[in-house]
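Structural overview for review
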Amino acid sequence: MVVRNEMGSFVACKISRMVGLFSPTIAEIMGVREALSWIKDNNWQNVIVESDNLQVVNVLNSMNVENFSMMGGIVSDCRSLINEISCEILFSHVFRSANGVAHALAQATRSFPNAMEWTLSPPEFVSLLLL
């Protein structure tokens, strides 16, 4: 997860490892749930959540999420978090080519055994992508 301000400058980033084997879509929606929790904890305002998974973006932008699948349960968690956050949250699809920092952070979970969070300045492997 990466947070940028309205100018596109780095604010914070975070990685955490998911335990288990999940489809890309389930992994993405689980990541969004973690991002929403992080947004809530930090009281960030006027948030746009970007994802390169169009299915996840469409589900989160849809009002019809009532199902009993694993994804439906996670989407329900996301809806609850959204209702607890006191700002507008938009969900936007971006192509993977425009999502390089988030992709690099996801890959970095292989190198870090525990969750990591950076504020003020990004890790070096992210700094190179922000230029």
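In the nomenclature of an unreviewed UniProt entry, the protein corresponds to RNase H type-1 domain-containing protein from the organism Hevea brasiliensis.

Some details on the pairing of strand 2 (residues 10-15)
Pairing analysis gives 3 bridges linking strand 1 (residues 2-4) to strand 2, with the strands arranged antiparallel. Considered in strand 2, the bridge of valine 3 is made with alanine 12. Counting the residues that bridge the hairpin from strand 1 to strand 2 gives 5 residues, and of these glycine 8 lies at a positive phi of roughly 90°. Sheet analysis places strand 2 next to strand 5 (residues 116-119), joined by 4 bridges and oriented antiparallel. Residue pairing across strands places isoleucine 15 opposite methionine 116, the latter belonging to strand 5.

A closer look at the environment of isoleucine 85
The residue isoleucine 85 is located in the loop between helix 3 (70-84) and strand 4 (89-93) in this model. Residue classification places isoleucine 85 among the buried residues on the basis of a relative accessible area of 9%. Once the C-alpha coordinates of isoleucine 85 and glutamate 117 are considered, the two residues, 32 residues apart in sequence, prove to be 21 Å apart. With residues near it in sequence (within four places) discarded, isoleucine 85 still touches Leu36, Ile39 and Lys40.

Re the confidence of the model for the protein
Here the protein shows a mean pLDDT of 86. Residues at 70 or above account for 95%. The lowest-confidence element of the protein is helix 4 (residues 100-108), averaging 80 in pLDDT; the highest-confidence one is strand 4, averaging 94.

Criteria and thresholds
- Residues numbered from 1 in each chain as written.
- Predicted model: local features only at pLDDT ≥ 70, side-chain atom pairs only at ≥ 80, totals over all residues.
- Heavy atoms only, no water.
- Pairing = 2+ DSSP bridges.
- Helix = DSSP H or I, 4+ residues; strand = E, 2+ residues; numbered from the N terminus.
- Buried < 20%, exposed > 50% of the residue type's maximum accessible area, 1.4 Å probe, protein only.
- Contact = heavy atoms within 4.5 Å.
- pLDDT = per-residue confidence, 0-100.

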